[in-house]
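# Secondary and tertiary structure notes
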Amino acid sequence: MSVCAFALVASEFMPVSLLTPIAHNLGVTEGMAGQGIAISGAFAVVTSLFIAALAGSLNRKTLLLGLTAAMGVSGAIVALAPNYAVYLLGRALIGVVIGGFWSMSAATAIRLVPAAEVPRALAILNGGNALATVVAAPLGAYLGAVIGWRGAFLGLVPVAAVTLAWQWFTLPSMPAAVRPAGAGNALHVFRLFKRSEVALGMAASSIFFMGQFALFTYVRPFLETVTRVSVPTLSIILLATGAAGFLGTVLIGRALRWGFYRTLTGIPLLMAVIALALTAFGSSVAAVAVLLALWGLSGTAAPVGWWAWVARTFPHDAEAGGGLFVAVVQLAIALGSTVGGLLFDQYGYESAFVASAVLLLLSAVLTAGVRPAPGKLAAAA
């Protein structure tokens, strides 16, 4: 599962480090190329909301294998896209995979290990996510310079094939579990919003990811046009950002044990400060490198905390709860990258980065209002 998370996140966010060459080659603006992130998020939303109901009695191993195969097909479509429309088609397919895989991830972890080991299993699974942030962006930028952006995407196909083979041999058969009454109804997932703590937590997490991707999607054009770095320096900065993110994933467990909601509140506060600092010190390579490393440290750690919240909040309905969380987050990513792209194209990077800061501050305020259920804090951490 961790290997699949690595391959999937690398596929999902590859356009971030290749935005400029994609835009030039397809004859569109960088903001339009960034909509490849938005459309994958939109399709992930639809898939995650309904996959638990639509999958029905299908063995969950078969479902995961099918999603992994589709990931490879998506990479091939994007790599061979003759125009912008086909590029978006390939990105839409990866959105289906994103929605399906992440909706099943928490529920799968719960089924694979004893209850006491679920938090550790989720951390291992998200380790693949964090590792991808270390490797995907700088490697994508490097490969884009050496073999072109199409070659970089085509390289995802054998990665998906290896992941498929690994899952085939290592995952046990997972027949569909007995679900709560009404869970087979496609609208069941929306009923979860009746719980006030669910509604507030989902709002806080969605606005966080919206703010994060309103800025992060456009890091490469910012580095090239404002900081004015070369491709090798760009790769080094992205590598440092990803490495800091991996470190953040390692350290987040301790921070959550120290204070679960204090940590989730502090992360968007820190990132809002970073977003504003980038507008002030954008011309300094050293300052930008340090700020983006701090961004990676905090931003990559945040999903681990929110997934722990999901596992604790939906212990008996993890597929529906996970699907709702993925839908909310992917919709936020789609909206964030879309708004960020429009602002970036029309008014410059400052407007996109300030909007990111405002959203992150709002997320911090909402997160501060979320309260842990009695006796559950240790499980969440």
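All of the points below concern the structure found in this document. (Residues numbered from 1 in each chain as written. Predicted model: local features only at pLDDT ≥ 70, side-chain atom pairs only at ≥ 80, totals over all residues. Heavy atoms only, no water.)

Turning next to unusual backbone geometry. Within the chain, Arg228 stands out as a residue other than glycine whose phi angle is a positive 60 degrees. Tracing the sequence through the fold places Arg228 in the loop between α10 (219–227) and α11 (231–258). Note on Arg228: relative accessible area 65%, which makes it exposed. (Helix = DSSP H or I, 4+ residues; strand = E, 2+ residues; numbered from the N terminus. Buried < 20%, exposed > 50% of the residue type's maximum accessible area, 1.4 Å probe, protein only.)

Let's shift gears to the side chain of Gln35. Of note, Gln35 is situated in helix α2 (residues 30–55). Gln35 gets classed as buried once you look at its relative accessible area, which sits at 18%. Separated by 2.9 Å, the side chain of Gln35 and the backbone oxygen of Gly31 make a polar contact. (Polar contact = N/O pair within 3.5 Å; in protein donor to acceptor, adjacent residues only side chain to side chain.)

A separate point is the packing of aromatic side chains. This structure, assessed with the given rule, holds 14 aromatic pairs. Taking 5.2 Å as the distance between ring centres and 50 degrees as the angle between the ring planes, the aromatic pair formed by Phe222 and Tyr349 counts as tilted. With Phe222 in helix α10 and Tyr349 in helix α15 (residues 349–368), the pair connects residues that are 127 residues apart, well separated along the chain. Seen in terms of ring centroids, Trp306 and Trp309 are 5.6 Å apart; in terms of plane orientation they differ by 80 degrees. Their pairing is edge-to-face. Placement of both Trp306 and Trp309 in helix α13 (residues 285–313) is noted, with a separation of 3 residues, approximately one turn of the helix. Classification of Trp306 by relative accessible area gives buried; the value is 2%. Residue class for Trp309 comes out buried when judged on its relative accessible area of 1%. (Phe/Tyr/Trp six-rings, centres within 6.5 Å; stacked < 30°, edge-to-face > 60°.)

Grouped burial of nonpolar side chains is what soluble globular proteins tend to show. Grouped together as the largest cluster of nonpolar side chains are 116 residues, with contacts concentrated most on Trp102, Phe153, Leu223 and Leu278. When residues of this core are assigned to their parent elements, the largest contribution, 14 residues, is made by helix α1 (residues 2–26). Excluding its chain neighbours within four sequence positions, the residues that come into contact with Phe153 are Ser11, Met14, Pro15, Leu18, Ile22, Gly75, Val78, Ala79 and Arg91. (Core = buried A, V, L, I, M, F, W, Y, C linked by side-chain atoms within 4.5 Å. Contact = heavy atoms within 4.5 Å.)

Looking now at the pattern of salt bridges. All told, the structure shown has 1 salt bridge when counted by the stated rule. For the salt bridge of Glu224 with Arg220, the shortest nitrogen-to-oxygen distance reads 2.9 Å. Taken together, the positions of Glu224 and Arg220, both in helix α10 and 4 residues apart, correspond to about one turn of that helix. Judged by relative accessible area, Glu224 falls into the partly exposed class, the value being 23%. (Salt bridge = Lys/Arg side-chain N within 4 Å of Asp/Glu carboxyl O.)

Moving on: a nonpolar patch on the surface. Residues Leu131, Phe246, Leu247, Val250 and Leu251 make up a contiguous nonpolar surface patch of about 420 Å² in total accessible area. Looking at the nonpolar patch element by element, the count peaks at 4 residues for α11. Its location among the elements puts Leu251 in helix α11. Judged by relative accessible area, which is 38%, Leu251 ranks as partly exposed. (Patch = residues over 30% accessible without salt bridge, like charges linked within 9 Å, V, L, I, M, F, W, Y side chains within 5 Å. Areas by Shrake-Rupley, 256 points an atom, 1.4 Å probe, with all protein chains shown as cover.)

Right, let's get into the side chain of Thr300. Its location among the elements puts Thr300 in helix α13. Looking at Thr300, the relative accessible area reads 15%, which means it is buried. Within the structure, Thr300 has its side chain in polar contact with the backbone oxygen of Gly296 (distance 3.0 Å).

Let us look at α2. With 26 residues, α2 ought to run about 38 Å at 1.5 Å a step, and its terminal C-alpha atoms sit 37 Å apart, in line with that. The principal kink in α2, of about 35 degrees, is found at Leu49. Of all 26 residues in α2, 19 are buried; the element is thus mostly enclosed. Looking one or two places after α2, you find Gly56, whose phi comes out positive at around 55 degrees. (Expected span 1.5 Å × (residues − 1). Bend = angle between axes of the 7 residues up to and from the residue.)

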